[in-house]
Amino acid sequence: MKTVLILAALNNFISTAHAFTMNNSARLAFGQDEVIVNVAAGLCTQIGISDEELLSIVGKAVDNFWNKAPASRLKLRKGNLINVSGLYHSASICQAATNCTPNSALAVSSDILVTCNDNATNFPTNSILGITIPNNIAAGTIIGSLVMIGDNVGNQFATKNTNEKTSIIAHEIGHAIGLGHSPVADSLMYYATRDKRVALGRDDLDGLSYLYPKEQPFSGCGTIDLDSNQNPPQDWWGGLLIGLGIIGLFKSLKQKIKFYT
Ligand SMILES: [Zn+2]
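Read on for an overview of the structure. Nothing here was measured: the structure is a model prediction, and the numbers come from that model. (Residues numbered from 1 in each chain as written. Predicted model: local features only at pLDDT ≥ 70, side-chain atom pairs only at ≥ 80, totals over all residues. Heavy atoms only, no water.)

### A short note on the coordination of the zinc ion
Protein coordination of the zinc ion is provided by H171 (NE2), H175 (NE2) and H181 (NE2), with donor distances spanning 2.0 to 2.1 Å. Overall, the relative accessible area of 9% leaves H175 in the buried class. (Donors = N, O, S within 2.8 Å, 3.2 Å for Na, K, Ca; no water. Buried < 20%, exposed > 50% of the residue type's maximum accessible area, 1.4 Å probe, protein only.)

Structure, rendered in C-alpha coordinates:
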(Lines give C-alpha, C1' and ligand atoms only; values in the text may rest on other atoms or scores of the structure.)
Protein backbone atom coordinates (compact mmCIF):
# COMPACT_ATOMS: atom_id res chain seq x y z
CA MET A 1 0.00 0.00 0.00
CA LYS A 2 2.83 2.31 0.97
CA THR A 3 4.54 1.58 -2.34
CA VAL A 4 1.38 2.48 -4.23
CA LEU A 5 1.08 5.78 -2.36
CA ILE A 6 4.74 6.63 -2.96
CA LEU A 7 4.42 5.79 -6.66
CA ALA A 8 1.24 7.87 -6.90
CA ALA A 9 3.00 10.82 -5.24
CA LEU A 10 6.02 10.40 -7.52
CA ASN A 11 3.81 10.26 -10.58
CA ASN A 12 2.08 13.45 -9.47
CA PHE A 13 5.46 15.14 -9.02
CA ILE A 14 6.65 14.00 -12.44
CA SER A 15 3.45 15.07 -14.16
CA THR A 16 3.64 18.57 -12.69
CA ALA A 17 7.41 19.01 -12.98
CA HIS A 18 7.17 19.79 -16.68
CA ALA A 19 3.70 21.18 -17.10
CA PHE A 20 4.41 23.76 -19.77
CA THR A 21 3.09 23.11 -23.25
CA MET A 22 4.21 24.08 -26.71
CA ASN A 23 2.28 26.36 -29.02
CA ASN A 24 2.19 23.38 -31.35
CA SER A 25 3.32 19.80 -31.31
CA ALA A 26 6.47 20.45 -33.33
CA ARG A 27 8.51 22.20 -30.60
CA LEU A 28 8.97 25.24 -32.81
CA ALA A 29 11.35 27.97 -31.68
CA PHE A 30 13.26 30.85 -33.18
CA GLY A 31 16.69 29.80 -34.42
CA GLN A 32 18.55 32.98 -33.48
CA ASP A 33 19.39 34.10 -29.95
CA GLU A 34 18.07 37.65 -30.33
CA VAL A 35 14.51 38.30 -31.46
CA ILE A 36 13.17 41.80 -32.04
CA VAL A 37 9.60 42.78 -31.15
CA ASN A 38 8.29 45.51 -33.46
CA VAL A 39 4.98 47.36 -33.32
CA ALA A 40 2.76 48.13 -36.32
CA ALA A 41 2.42 51.91 -36.54
CA GLY A 42 -0.91 53.69 -36.60
CA LEU A 43 -3.22 50.67 -36.30
CA CYS A 44 -4.63 51.03 -32.77
CA THR A 45 -7.77 53.05 -33.35
CA GLN A 46 -10.22 51.97 -30.63
CA ILE A 47 -8.38 50.99 -27.47
CA GLY A 48 -6.95 54.37 -26.60
CA ILE A 49 -3.27 53.59 -26.80
CA SER A 50 -0.68 55.50 -28.77
CA ASP A 51 2.01 53.83 -30.88
CA GLU A 52 4.72 55.04 -28.50
CA GLU A 53 2.77 53.77 -25.47
CA LEU A 54 2.36 50.33 -27.04
CA LEU A 55 6.04 50.19 -27.96
CA SER A 56 6.97 51.18 -24.41
CA ILE A 57 4.73 48.42 -23.00
CA VAL A 58 6.37 45.92 -25.36
CA GLY A 59 9.76 46.98 -23.95
CA LYS A 60 8.55 46.38 -20.39
CA ALA A 61 7.00 43.05 -21.38
CA VAL A 62 10.28 41.69 -22.71
CA ASP A 63 12.55 43.15 -20.02
CA ASN A 64 10.37 42.47 -16.97
CA PHE A 65 9.45 38.94 -18.01
CA TRP A 66 11.22 37.01 -20.76
CA ASN A 67 14.66 38.59 -20.44
CA LYS A 68 14.82 37.58 -16.78
CA ALA A 69 15.53 33.93 -17.44
CA PRO A 70 19.22 33.16 -16.86
CA ALA A 71 18.99 29.60 -18.21
CA SER A 72 17.65 30.71 -21.59
CA ARG A 73 19.71 31.69 -24.63
CA LEU A 74 16.87 33.86 -25.94
CA LYS A 75 17.07 37.62 -25.60
CA LEU A 76 14.12 39.68 -26.76
CA ARG A 77 14.65 43.29 -27.78
CA LYS A 78 12.16 46.12 -28.14
CA GLY A 79 12.15 47.08 -31.80
CA ASN A 80 10.60 49.99 -33.67
CA LEU A 81 7.35 51.29 -35.04
CA ILE A 82 7.05 49.96 -38.56
CA ASN A 83 4.59 50.68 -41.34
CA VAL A 84 2.58 47.68 -42.49
CA SER A 85 -0.50 47.00 -44.62
CA GLY A 86 -3.92 47.88 -43.16
CA LEU A 87 -4.72 44.16 -43.48
CA TYR A 88 -2.90 43.66 -40.19
CA HIS A 89 -5.71 45.67 -38.58
CA SER A 90 -8.64 44.10 -40.39
CA ALA A 91 -7.85 40.56 -41.53
CA SER A 92 -8.32 37.22 -39.78
CA ILE A 93 -5.16 35.68 -38.40
CA CYS A 94 -6.25 32.27 -39.75
CA GLN A 95 -7.35 31.30 -43.23
CA ALA A 96 -10.19 29.25 -41.72
CA ALA A 97 -11.57 29.35 -38.20
CA THR A 98 -11.81 25.58 -37.79
CA ASN A 99 -8.24 24.75 -38.70
CA CYS A 100 -5.94 27.68 -38.16
CA THR A 101 -3.74 27.67 -41.17
CA PRO A 102 -2.02 31.03 -40.83
CA ASN A 103 -3.29 33.72 -43.19
CA SER A 104 -0.35 34.00 -45.58
CA ALA A 105 -1.21 37.63 -46.35
CA LEU A 106 -0.14 38.44 -42.77
CA ALA A 107 3.10 36.45 -42.69
CA VAL A 108 5.68 38.30 -40.60
CA SER A 109 8.95 38.40 -42.53
CA SER A 110 11.12 38.12 -39.40
CA ASP A 111 11.01 38.33 -35.60
CA ILE A 112 7.76 39.37 -33.85
CA LEU A 113 5.21 41.96 -34.90
CA VAL A 114 2.61 43.33 -32.46
CA THR A 115 -0.42 44.88 -34.12
CA CYS A 116 -3.91 46.03 -33.18
CA ASN A 117 -6.72 44.19 -34.96
CA ASP A 118 -10.52 44.42 -34.98
CA ASN A 119 -11.50 41.36 -37.01
CA ALA A 120 -14.63 39.74 -35.53
CA THR A 121 -13.36 36.22 -36.23
CA ASN A 122 -10.24 36.95 -34.19
CA PHE A 123 -12.15 38.79 -31.47
CA PRO A 124 -15.71 37.42 -31.29
CA THR A 125 -16.12 38.79 -27.75
CA ASN A 126 -14.67 41.78 -25.92
CA SER A 127 -13.02 39.53 -23.34
CA ILE A 128 -10.58 38.08 -25.87
CA LEU A 129 -7.70 40.47 -25.43
CA GLY A 130 -5.04 39.06 -27.70
CA ILE A 131 -4.34 36.32 -30.21
CA THR A 132 -0.96 35.11 -31.39
CA ILE A 133 0.47 32.68 -33.88
CA PRO A 134 3.91 31.94 -35.30
CA ASN A 135 2.89 32.47 -38.94
CA ASN A 136 6.16 32.19 -40.82
CA ILE A 137 7.82 28.84 -40.26
CA ALA A 138 10.60 27.19 -42.25
CA ALA A 139 12.33 23.88 -41.63
CA GLY A 140 10.93 23.55 -38.13
CA THR A 141 12.07 27.03 -37.09
CA ILE A 142 10.00 30.12 -36.36
CA ILE A 143 10.96 32.93 -38.73
CA GLY A 144 8.18 35.34 -37.78
CA SER A 145 5.28 35.54 -35.31
CA LEU A 146 2.24 37.79 -35.20
CA VAL A 147 0.68 39.15 -31.99
CA MET A 148 -2.73 40.78 -32.33
CA ILE A 149 -4.24 42.98 -29.62
CA GLY A 150 -8.02 43.34 -29.67
CA ASP A 151 -8.94 46.73 -31.14
CA ASN A 152 -12.66 46.08 -31.52
CA VAL A 153 -15.02 48.59 -29.92
CA GLY A 154 -15.41 47.75 -26.22
CA ASN A 155 -12.47 45.34 -26.03
CA GLN A 156 -11.52 44.98 -22.37
CA PHE A 157 -7.84 45.48 -23.12
CA ALA A 158 -8.61 49.21 -23.09
CA THR A 159 -9.75 49.07 -19.46
CA LYS A 160 -6.57 47.46 -18.13
CA ASN A 161 -3.88 49.47 -16.39
CA THR A 162 -0.33 49.63 -17.72
CA ASN A 163 0.94 46.74 -15.58
CA GLU A 164 -1.94 44.55 -16.73
CA LYS A 165 -1.40 45.50 -20.37
CA THR A 166 2.28 44.67 -19.93
CA SER A 167 1.64 41.18 -18.59
CA ILE A 168 -1.04 40.51 -21.24
CA ILE A 169 1.41 41.39 -24.01
CA ALA A 170 4.16 39.39 -22.26
CA HIS A 171 1.77 36.40 -22.27
CA GLU A 172 1.12 36.82 -26.01
CA ILE A 173 4.86 37.12 -26.66
CA GLY A 174 5.19 33.79 -24.83
CA HIS A 175 2.98 32.26 -27.53
CA ALA A 176 4.99 34.07 -30.22
CA ILE A 177 8.21 32.40 -29.10
CA GLY A 178 6.62 28.94 -29.11
CA LEU A 179 5.00 28.35 -25.73
CA GLY A 180 1.46 27.15 -25.19
CA HIS A 181 -0.65 27.47 -22.04
CA SER A 182 0.54 26.17 -18.70
CA PRO A 183 -1.86 24.34 -16.38
CA VAL A 184 0.06 25.81 -13.42
CA ALA A 185 -1.83 28.81 -12.04
CA ASP A 186 1.38 30.50 -10.85
CA SER A 187 2.52 31.07 -14.44
CA LEU A 188 2.41 33.91 -16.90
CA MET A 189 1.35 31.32 -19.48
CA TYR A 190 -1.64 30.22 -17.37
CA TYR A 191 -4.57 31.42 -19.45
CA ALA A 192 -6.56 32.97 -16.61
CA THR A 193 -3.93 35.02 -14.78
CA ARG A 194 -2.21 36.64 -17.70
CA ASP A 195 -3.17 40.15 -16.62
CA LYS A 196 -2.20 39.66 -12.97
CA ARG A 197 1.38 38.49 -13.25
CA VAL A 198 4.43 40.59 -12.44
CA ALA A 199 7.12 38.01 -13.21
CA LEU A 200 7.63 34.65 -14.85
CA GLY A 201 6.66 31.57 -12.85
CA ARG A 202 8.69 28.40 -12.45
CA ASP A 203 6.83 26.68 -15.28
CA ASP A 204 7.44 29.61 -17.66
CA LEU A 205 11.17 29.41 -16.89
CA ASP A 206 11.18 25.66 -17.47
CA GLY A 207 9.38 26.01 -20.80
CA LEU A 208 11.69 28.78 -21.95
CA SER A 209 14.87 26.90 -21.09
CA TYR A 210 13.45 23.80 -22.79
CA LEU A 211 12.83 25.68 -26.04
CA TYR A 212 15.90 27.91 -25.78
CA PRO A 213 18.52 26.03 -23.74
CA LYS A 214 21.66 27.95 -22.92
CA GLU A 215 24.68 25.88 -23.92
CA GLN A 216 27.32 25.61 -21.19
CA PRO A 217 30.93 25.41 -22.46
CA PHE A 218 32.42 22.00 -21.63
CA SER A 219 35.50 22.43 -19.48
CA GLY A 220 36.43 18.83 -18.76
CA CYS A 221 35.74 16.95 -15.56
CA GLY A 222 34.50 18.79 -12.53
CA THR A 223 37.37 19.71 -10.18
CA ILE A 224 37.74 20.62 -6.54
CA ASP A 225 40.33 22.82 -4.85
CA LEU A 226 42.87 20.07 -4.26
CA ASP A 227 45.74 19.21 -6.58
CA SER A 228 46.64 15.70 -7.68
CA ASN A 229 48.83 15.19 -4.54
CA GLN A 230 45.88 16.05 -2.33
CA ASN A 231 47.76 19.09 -1.01
CA PRO A 232 46.01 22.35 -0.37
CA PRO A 233 46.47 24.73 -3.28
CA GLN A 234 48.57 27.92 -2.99
CA ASP A 235 45.39 29.98 -2.60
CA TRP A 236 44.65 28.17 0.65
CA TRP A 237 47.81 29.65 2.24
CA GLY A 238 46.92 33.06 0.92
CA GLY A 239 43.49 32.78 2.53
CA LEU A 240 45.04 31.68 5.84
CA LEU A 241 47.44 34.64 5.89
CA ILE A 242 44.64 37.10 5.14
CA GLY A 243 42.55 35.49 7.90
CA LEU A 244 45.41 35.81 10.44
CA GLY A 245 45.92 39.42 9.36
CA ILE A 246 42.26 40.23 10.00
CA ILE A 247 42.39 38.59 13.46
CA GLY A 248 45.52 40.62 14.30
CA LEU A 249 43.87 43.83 13.14
CA PHE A 250 40.77 43.07 15.18
CA LYS A 251 42.87 42.45 18.36
CA SER A 252 44.76 45.67 17.83
CA LEU A 253 41.51 47.65 17.39
CA LYS A 254 40.04 46.00 20.46
CA GLN A 255 43.01 47.16 22.54
CA LYS A 256 42.62 50.72 21.26
CA ILE A 257 38.91 50.69 22.00
CA LYS A 258 39.61 49.50 25.54
CA PHE A 259 42.06 52.35 25.95
CA TYR A 260 39.44 54.99 25.18
CA THR A 261 36.51 53.55 27.16
ZN1 LIG B 1 -2.82 32.48 -24.19
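Structure's up, so let's keep going.
### Regarding the pattern of salt bridges
Summed over the entire model, instances satisfying the criterion amount to 4 salt bridges. Put simply, R73 and D33 hold a salt bridge, and the shortest N to O gap is 2.8 Å. With a gap of 40 residues between them, R73 in the loop between α2 (51–66) and β3 (75–82) and D33 in the loop between β1 (29–30) and β2 (34–40) connect regions that are remote in the sequence. Overall, the relative accessible area of 21% leaves R73 in the partly exposed class. Between R202 and D206 there is a salt bridge, with its nearest N and O atoms 3.2 Å apart. Taken as a pair, R202 and D206 lie in helix α5 (residues 202–211) at a separation of 4 residues, close to a single helical turn. (Salt bridge = Lys/Arg side-chain N within 4 Å of Asp/Glu carboxyl O. Helix = DSSP H or I, 4+ residues; strand = E, 2+ residues; numbered from the N terminus.)

### Notes on the state of the cysteines
A full pass over the atoms with the stated rule returns 2 disulfides. Residue pairing for C44: its cysteine sulfur links by disulfide to C116, the two sulfurs lying 2.0 Å apart. Residues C44 and C116 are joined through a disulfide that is right-handed, its torsion about the S-S bond being 80°. Taken together, the residues C44 in the loop between β2 and α2 and C116 in strand β4 (residues 111–117) connect sequence positions 72 residues apart. For C44, a relative accessible area of 15% translates into the label buried. When the cysteines of the chain that form disulfides are numbered from the N-terminus onward, they connect as 1-4, 2-3. (Disulfide = S-S within 2.5 Å.)

### A word on the environment of N83
Summarising the element assignment, N83 is placed in the loop between β3 and α3 (87–90). Residue classification places N83 among the exposed residues on the basis of a relative accessible area of 74%. Residues N83 and G42 lie 41 residues apart in sequence; the distance between their C-alpha atoms is 7.9 Å.

### Digging into the side chain of T132
Turning to its location among the elements, T132 is positioned in strand β5 (residues 130–138). Engagement of the side chain of T132 in a polar contact is seen with the side chain of E172, the distance being 2.7 Å. For T132, the contacting residues outside a window of four places in its chain are I93, L146, V147, M148, E172, H175 and A176. (Polar contact = N/O pair within 3.5 Å; in protein donor to acceptor, adjacent residues only side chain to side chain. Contact = heavy atoms within 4.5 Å.)

Geometric descriptors of this kind do not, in isolation, establish any biological role.
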